[in-house]
Amino acid sequence: MAFDVAGEMYQRFMGRFSDPLAEPFADFARVGHGSGMRVLDVGCGPGALSVELVQRVGVHRVTAVDPSEPFVTAARERLPGVDVQRAGAEELPFADASFDAVLAQLVVQFMTDPAVGVAEMARVAKPGGVVAACVWDHGGRRGPLSPFWTAAAALDPAAPNEDRRVGAQEGDLEDLLRRAGLRDVTETGLTVTKHFATFEEWWEPFTFGVGPAGDYARTLDERGLAALREQCRAVLPPEPFDLDATAWAARGTGPAE
């Protein structure tokens, strides 16, 4: 999976959607402004969610982890003072009951073992603490990459997509959290909107080799990539255009002592 890329490349590819998603996701996870909560951002990437969390609880009350060294470096540069560590969700380097809230924005679907990763999130949450995760609604074709995968499928019925990844279907995240032993689990959809002045503004980041879409684009020769580009143009509205993106979000609380 192509996530060992420069943080700037990921930011231009997904940050345009993950940055605005951070605010409603933090609201959904009940991380209040000035609450004094200690919060963990699991799979922080270049720091989209961590930025929002710092604004709410302060730089010294946010901890972040990511398995990608370039992302850890980018997050540290973006958020001086935040404790950013290199670690995967499946083996969090923290003691039991360490955090008031544990969040994973757009990462569960890329965990090596999502069930283990969410169980680890529950382990490090305090009794009664919040555990929350969100994943783009690829299954409902409402994610920010859905136009790309729709265009790819029109040209290549065997093209992969992301709708079968864990969390990409309604109810997936809710089920994961319940199986991790969390209580009061609820799921909802969170929608953000991004404005694009031109088609090229939308298209160019798909050529950076980021994530499954970038992996697929890199398998194409020059002619195939040009055909995909024009098919994407046909799928999208005329420029300028707004693109809505919806993520499934689920929240639960750890068992009380």
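Just so it is clear, the model here is predicted, and its values are computed rather than measured. Residue indices follow the written sequence of each chain, beginning from 1 at its first position. Predicted model: local features are reported for residues with pLDDT of at least 70 only, side-chain atom pairs are reported and counted for 80 or more only, and whole-chain, interface and lining totals are derived from all residues. Side-chain numbers here rest on the full set of heavy atoms in the structure, without hydrogens or water.

Caption draft 1: View of the overall build of the protein chain. When you go through the protein chain residue by residue, the secondary structure sums to nine helices and seven strands. Against the globule reference of 18 Å for 257 residues, the protein chain gives a C-alpha radius of gyration of 18 Å, in line with a compact fold. Along the three orthogonal principal directions, the C-alpha set of the protein chain runs to about 60 × 35 × 30 Å. Within the protein chain, the proportion of its 257 residues that are buried is 53%. Within the protein chain, contacts between residues at least 6 apart in sequence are counted, and of these 77% link residues at least 24 apart. Per-residue and other accessible areas were derived by the Shrake-Rupley procedure at a 1.4 Å probe size, with only the shown protein chains allowed to occlude residues. Taken as a whole, the protein chain presents about 10,900 Å² of accessible surface, with 48% of it coming from carbon and sulfur. Positive charges come from Lys and Arg alone, negative charges from Asp and Glu alone, with His and the N- and C-terminal ends not counted. The location of each charge is read from NZ of Lys, CZ of Arg, CG of Asp or CD of Glu. Separation between the mean location of the 24 positive side-chain charges and that of the 38 negative ones in the protein chain comes to 2 Å. In this description a helix means any DSSP run of H or I spanning at least four residues, a strand means any run of E spanning at least two, and both kinds are numbered starting from the N terminus. In this setup the radius of gyration rests on C-alpha atoms only. A globule is expected at 2.2 Å times the number of residues raised to 0.38. Each residue gets one of three labels from its accessible area relative to the maximum for its type: buried under 20%, exposed over 50%, partly exposed in between, using a 1.4 Å probe on protein chains only. The contact definition used throughout considers only heavy atoms, calling two residues in contact when any of these lie within 4.5 Å.

Caption draft 2: Examining the packing of aromatic side chains more closely. By convention, a stacked pair of Phe, Tyr or Trp rings (six-membered ring in the case of Trp) has centres within 6.5 Å and planes under 30 degrees apart, an edge-to-face pair has planes over 60 apart, and any other such pair is tilted. Scanning all chains against the criterion turns up 14 aromatic pairs. Summarising the aromatic geometry, the rings of Phe 94 and Phe 99 are spaced 5.2 Å apart at their centres and angled 90° between planes, so their arrangement reads as edge-to-face. Each member of the pair Phe 94 and Phe 99 is classed as buried. Judged by centre distance (5.0 Å) and plane angle (85°), the ring pair of Phe 148 and Trp 149 falls under edge-to-face. For Trp 149, a relative accessible area of 7% translates into the label buried. Only lysine NZ and arginine CZ atoms are considered, and such an atom sits over a ring when it is within 6 Å of the ring centre and within 35 degrees of the ring normal. The ring of Phe 196 carries the charged tip of Lys 194 above its face, separated from the ring centre by 5.8 Å. It is Arg 251 that lies over the ring of Phe 28; its NZ or CZ is 4.6 Å from the centre.

Caption draft 3: Quick look at the pairing of strand E3 (residues 83-86). Two strands make a pair as long as DSSP finds a minimum of two bridges between them. As judged from the four bridges shared by strand E2 (residues 62-66) and E3, these two strands associate in the parallel manner. Bridge pairing links Thr 63 to Asp 83 in E3. Here is how to tell: hold the view so the strands point away, follow the path from the first strand over the helix to the second, and if it runs clockwise the crossover is right-handed. For the crossover that starts at E2, traverses helix H3 (residues 69-78) and ends in the parallel E3, the hand is right-handed.

Caption draft 4: Highlighting the state of the cysteines. Here, a disulfide means two cysteine sulfur atoms that sit within 2.5 Å of each other. For the coordinates displayed, the defined rule picks out zero disulfides. Between Cys 44, a free cysteine, and Cys 134, which holds the nearest cysteine sulfur, the sulfur-to-sulfur gap is 14 Å. For Cys 44, a relative accessible area of 6% corresponds to the buried category.

Caption draft 5: Region of the structure containing the nonpolar core. The biggest cluster of nonpolar side chains holds 58 residues, and the ones touching the most others in it are Phe 25, Val 31, Leu 103, Trp 136, Phe 148 and Trp 202. If you tally residues by element for this core, the top one is helix H1 (residues 7-28), at nine residues. The residues touching Leu 103, leaving out its near neighbours within four places in the chain, are Phe 25, Ala 26, Ala 29, Val 31, Val 39, Leu 40, Asp 41, Val 42, Leu 49, Leu 53, Met 121 and Ala 132. Grouped together as the second largest cluster of nonpolar side chains are 29 residues, Phe 94, Ala 104, Val 107 and Val 124 included. For this analysis, a nonpolar core means a set of buried residues of the types Ala, Val, Leu, Ile, Met, Phe, Trp, Tyr and Cys, connected via side-chain atoms within 4.5 Å.

Caption draft 6: The arrangement of the sheet that holds strand E7 (residues 241-253) in detail. The strand order across the open sheet built from seven strands is E3-E2-E1-E4-E5-E7-E6, with neighbouring strands paired in mixed fashion. Both outer strands of the open sheet, E3 and strand E6 (183-196), are each paired with one neighbouring strand and no more. With direction set aside, neighbouring strand axes in the sheet form an average angle of 20°. Across six bridges, the pairing between strand E4 (residues 99-105) and strand E5 (residues 125-136) is parallel. Paired with Gln 105 across the strands is Cys 134, a residue of E5. For helices, the fitted line uses only the C-alpha atoms of the stretch in contact; every axis is such a line through C-alpha atoms, and the angle between N-to-C directions lies from 0 to 180 degrees.

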